[in-house]
Amino acid sequence: MDEERIKKAVLGAIDKAVDAHDLAEIVRAYARSPRPTLPESPNDAPPSAGAKRLLTRIVLGDLLDDAILAARPQDRTFPLRLFFGELSRLLATDAEDGAAGAAADAAFTLASGLNFFFRAPMDGESKMRVGFSVSRQLYVVAHAARLDAELVTKASPLLAALMTGELERLRFESVDHVKVFDSQLHERAPGSDPTAFGIVRPASFLCRVATNNAVKVKAEVLT
């Protein structure tokens, strides 16, 4: 499945699930944390069960377990909790243009991609391609929102491992710790200096065959 078909499939699934305007309003109003609470107001009609389920799903509240959502600073998964907290914050950003708007849009695309990756039934190759595209979007968000580099470096291998649990015979790896371009592992992302070998920042995960460690899809990096 190529990237254009993946994008169409994601957008098609979202479009079938809920009206786009309603979805945007729900996310903008309530996406405050991985496990959101609805504001109480005597003037507001009680939200429907469907709206509650949608709200929980779009902010990934039913996708993450307590080992992540309740992680403490000393826990291994704590960086992942912080990252999803940042994602929720970006989803709730009240901005329609400028840098903040671009970061919010990028975060919404990432959240949608993660939902599609974990929920939609598809064959193994398609699942891997969707996951690879999601990993690209992770670094788009990190760059657009200027997320703390140390947080991204710590959270990315945890997210790669979480996503690997959905794959058969393949695994994702982050390459945030690698500082030198290696043509056996990396592809230069658009905008790279083709003569440089120092990695400025990663732009996707690496995908390997689990049984023999062979590279299935090279990681994209900016040099």
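Conventions we followed
- For every chain, the first residue of its written sequence is number 1, and the numbers climb from 1 along that sequence.
- For a predicted model such as this one, the threshold for reporting local features is a pLDDT of at least 70, and the threshold for listing and counting side-chain atom pairs is 80 or more; totals across whole chains, interfaces and linings nevertheless cover every residue.
- Side-chain metrics in this entry use all non-hydrogen atoms of the structure; hydrogen atoms and water are not considered.
- Helix and strand labels come from DSSP, where a helix needs a run of H or I of at least four residues and a strand needs a run of E of at least two; each type is numbered from the N terminus.
- For each residue, the accessible area found with a 1.4 Å probe, counting protein chains only, is set against the maximum for its type, and the residue is called buried under 20%, exposed over 50%, and partly exposed in between.
- Contacts are residue-level and defined by heavy atoms, with any inter-residue pair within 4.5 Å sufficient.
- Here the accessible surface of atoms and residues is derived via Shrake-Rupley with a 1.4 Å probe, and residues count as covered only by protein chains that are part of the display.
- Pairing between strands requires that DSSP locate at least two bridges from one strand to the other.
- Convention adopted: a line fitted to C-alpha atoms gives each axis, helices being fitted over their contacting stretch, and angles between N-to-C directions are expressed from 0 to 180 degrees.
- Here a polar contact is taken to be a pair of N or O atoms separated by no more than 3.5 Å, where protein atoms must pair a possible hydrogen donor with a possible acceptor and residues adjacent in sequence count only if both atoms sit in side chains.
- Within this scheme, the nonpolar core is defined by two criteria: the residues are buried Ala, Val, Leu, Ile, Met, Phe, Trp, Tyr or Cys, and they are joined through side-chain atoms within 4.5 Å.
- Classification of ring pairs uses Phe, Tyr and Trp, with its six-membered ring standing for Trp, and accepts pairs whose centres are within 6.5 Å; under 30 degrees between planes counts as stacked, over 60 as edge-to-face, and the remaining range as tilted.
- Here, a charge over a ring means that NZ of Lys or CZ of Arg falls within 6 Å of the ring centre while also lying within 35 degrees of the ring normal.

Can you tell me about the overall build of the protein chain, naming the residues and giving the values?
Scanning the protein chain from terminus to terminus reveals eight helices and six strands. In the protein chain, the succession of helices and strands from N to C terminus is α-α-α-α-α-α-α-α-β-β-β-β-β-β. Relative to its 223 residues, the protein chain shows a buried fraction of 43%. In the protein chain, the proportion of contacts linking residues at least 24 apart, taken out of those at least 6 apart, comes to 66%. Surface summary for the protein chain: the accessible area is close to 12,200 Å², and the carbon and sulfur share equals 52%.

Pulling in residues and values, what's your account of the pairing of strand E4 (residues 206-209)?
Consecutive side chains of a regular strand alternate in pointing toward one face of the sheet and then the other. As paired elements, strand E1 (residues 170-173) and E4 share four bridges and run antiparallel to each other. Note that in E4 the partner of Glu173 across the bridge is Leu206. Bridging between E4 and strand E5 (residues 215-217) involves two bridges; their strand directions are antiparallel. Each residue of the ladder has a partner; that of Cys207, found in E5, is Val217. Counting the residues that bridge the hairpin from E4 to E5 gives five residues, and of these Asn213 lies at a positive phi of roughly 70°.

Explain the sheet that holds E4 residue by residue, including any values.
As summarised here, the arrangement of the three strands in space is E1-E4-E5, forming an open sheet in which the pairing is antiparallel. Here the strands that pair on one side only, and so sit at the sheet edges, are E1 and E5. Averaged over all pairs of adjacent strands, the angle between their axes in this sheet comes to 40°, without regard to strand direction. Packing against the sheet, helix H7 (residues 124-144) makes contact with E1, E4 and E5, and its axis sits at approximately 75° to E5.

Tell me what's going on with the environment of Ser135, and back it up with residues and numbers.
As for its placement among the helices and strands, Ser135 is situated in helix H7. Distance in space between the C-alpha atoms of Ser135 and Phe172 is 9.2 Å, their sequence separation being 37 residues. Ser135 has contacts with Ala203, Ser204 and Phe205, leaving out every residue within four places of it along the chain. Polar contacts involving the side chain of Ser135 include one to the main-chain carbonyl oxygen of Phe132, which spans 2.7 Å.

Tell me about the nonpolar core, and please be specific about residues and values.
Counting residues in each nonpolar core, the largest one holds 41 residues, and the members touching the most others are Leu114, Leu159, Met163 and Phe172. Going through the elements one at a time, helix H4 (66-69), helix H5 (78-91), helix H6 (98-119), H7, helix H8 (149-164) and E1 are the ones with two or more residues in this core. No other element matches the nine residues that H6 contributes to this core. Residues within four places of Leu159 in sequence aside, it is in contact with Leu80, Phe83, Phe84, Leu114, Leu138 and Phe205. One finds Phe181, Ile199, Leu206 and Val221 within the second-largest nonpolar core, a separate group that totals six residues.

Any details on the packing of aromatic side chains? Residues and values, ideally.
Taken as a whole and assessed by the stated rule, the structure comprises five aromatic pairs. When the centroid spacing of 5.1 Å and the interplanar angle of 90° are considered together, the rings of Phe117 and Phe118 count as edge-to-face. Exposure remark for Phe117: the relative accessible area of 0% places this residue in the buried category. The class for Phe118 is buried, based on a relative accessible area of 18%. Through a chain of ring-to-ring contacts, three or more aromatic side chains come together here, namely Tyr139, Phe172 and Phe205. Lying over the aromatic face of Phe117, Lys127 brings its terminal NZ or CZ to 5.1 Å of the ring centre.

If you had to explain the sheet that holds strand E6 (residues 219-222) to someone new, which residues and values would you point to?
One open sheet holds the three strands; their spatial order is E2-E6-E3, and the pairing between them is mixed. This sheet does not close on itself; its edge strands, each paired only once, are strand E2 (186-188) and strand E3 (201-202). With three bridges joining them, E2 and E6 adopt parallel strand pairing. Note on E6: the bridge partner recorded for Arg188 is Val221.

Provide a residue-level description of the side chain of Thr223, including the pertinent values.
Examined against the element boundaries, Thr223 turns out to sit in the segment after E6. Of note is the side chain of Thr223, whose polar atom sits 3.2 Å from the side chain of Arg188. Setting aside its immediate chain neighbours within four residues, Thr223 contacts Phe181, Arg188, Ser192, Asp193, Ala196, Gly198 and Val200.

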